[in-house]
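Given next are the chains, with one letter for each unit.
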Amino acid sequence: MPLSPLEHDRRYGELDQVIRAYAGQPADDTPDKASEALTAYLRHTWHSRPWALAVAERQLREYADNPPGRLRLRLGEFYAVPDVGLPEAKIQQWLYCLADHIKHSVEEGEVPPPTTPATHWEWHARFPELGQFLGGWFSQDMPDEFDGHDAATDDYRASTDPQLVARLTGELHELLALDLDESDYTLAVAELGMEVDPPAPYSPSGWLALIADRLTSPGADYGTSVQES
């Protein structure tokens, strides 16, 4: 019988978060060094949900202790670990390695310092509403759906709960506070789902700043209005 959502989360919810952190990243953890993916998971979780680390360590170890057979996986009774680029025979030892790194981090209080997100997962974990905004309203289909960037932004604001709009504004200010190079802001918006260029003549950071201003100024245009083609 397939797992219910509640049972899945009780048994594998945080394990799934750890595995998701490896999207697009190599599972190259060793007993002596955590991978960039696991370090990103540790960094974000320490600073947002530190209590979840103990849950992750337990779920990883329990899964490795009792790996499911193919039949139970086919029936949906167990969490199926996605392909992380490792041979099936090495998955169990890899899970133990992850659990050991998390246990060491908690017991020794070794907390990765805050820094710019390093992986696709970490960008979205740290800036979830910004990912919804850029990925949902500024995909490659944006020019066919809206008259321009202003119209897309206004549609987001009109169709989104004000509390989420406020959350987006906070995430925009947090991203801008990182004071990245412009090339890194270009990477950031791409990681978060933006598939179109900012409107001329704005750089990515300049456009993000104007979006934050627009969302907190009802009825206002972007600073100095720019005609979009």
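Definitions and cut-offs
- Residues numbered from 1 in each chain as written.
- Predicted model: local features only at pLDDT ≥ 70, side-chain atom pairs only at ≥ 80, totals over all residues.
- Heavy atoms only, no water.
- Helix = DSSP H or I, 4+ residues; strand = E, 2+ residues; numbered from the N terminus.
- Axes fitted to C-alpha atoms, helices over the stretch in contact; angles between N-to-C directions.
- Left-handed = near helix turned anticlockwise from the far one by under 90°.
- Contact = heavy atoms within 4.5 Å.
- Nonpolar A, V, L, I, M, F, W, Y, C, P; charged D, E, K, R; others polar.
- Phe/Tyr/Trp six-rings, centres within 6.5 Å; stacked < 30°, edge-to-face > 60°.
- Buried < 20%, exposed > 50% of the residue type's maximum accessible area, 1.4 Å probe, protein only.

Engineer: Help me get a handle on unusual backbone geometry, residues and values and all.
Structural biologist: For the bond running from Ala200 to Pro201, omega is 5 degrees, close enough to zero to count as cis. Tracing the backbone through its elements, the reader meets Pro201 in the loop between helix H11 (182–191) and helix H12 (204–215). Located in the positive-phi region is Asp179, a residue other than glycine, with phi close to 55 degrees.

Engineer: So, the packing of helix H10 (residues 162–177) against H12: which residues are in play, and what are the values?
Structural biologist: Between H10 and H12, the shortest axis-to-axis distance is 9 Å and the interhelical angle comes to 150 degrees. Like other packed secondary-structure pairs, H10 and H12 cross with a definite hand, here left-handed. Packed against H10, whose contacting residues are Val165, Leu168, Thr169, Leu172, His173, Leu175 and Leu176, the element H12 presents Ser205, Leu208, Ala209, Ile211, Ala212 and Leu215 at the interface. Its residues placed into classes, the contact of H10 with H12 shows ten nonpolar, three polar and no charged.

Engineer: An account of the packing of aromatic side chains is needed here, citing residue identities and associated values.
Structural biologist: Tallied over the entire structure, the rule returns eight aromatic pairs. For the ring pair Phe133 and Tyr156, a centre distance of 4.9 Å and an interplane angle of 70 degrees mean the geometry is edge-to-face. One end of the pair, Phe133, is in helix H7 (residues 128–137); the other, Tyr156, is in helix H9 (residues 149–159), and 23 residues separate them in sequence. Here Phe133 and Tyr156 have matching classes, each one buried. Here the aromatic rings of Phe138 and Trp207 are separated by 5.0 Å at their centres, their planes lie at 80 degrees, and the arrangement is edge-to-face. Here the residue Phe138 occupies a position in the loop between H7 and helix H8 (142–145), and Trp207 occupies one in helix H12, the gap between them amounting to 69 residues. You can call Phe138 buried: its relative accessible area is 0%. Of the aromatic side chains, those joined through ring pairs into one cluster are Phe133, Trp137, Phe138, Tyr156 and Trp207.

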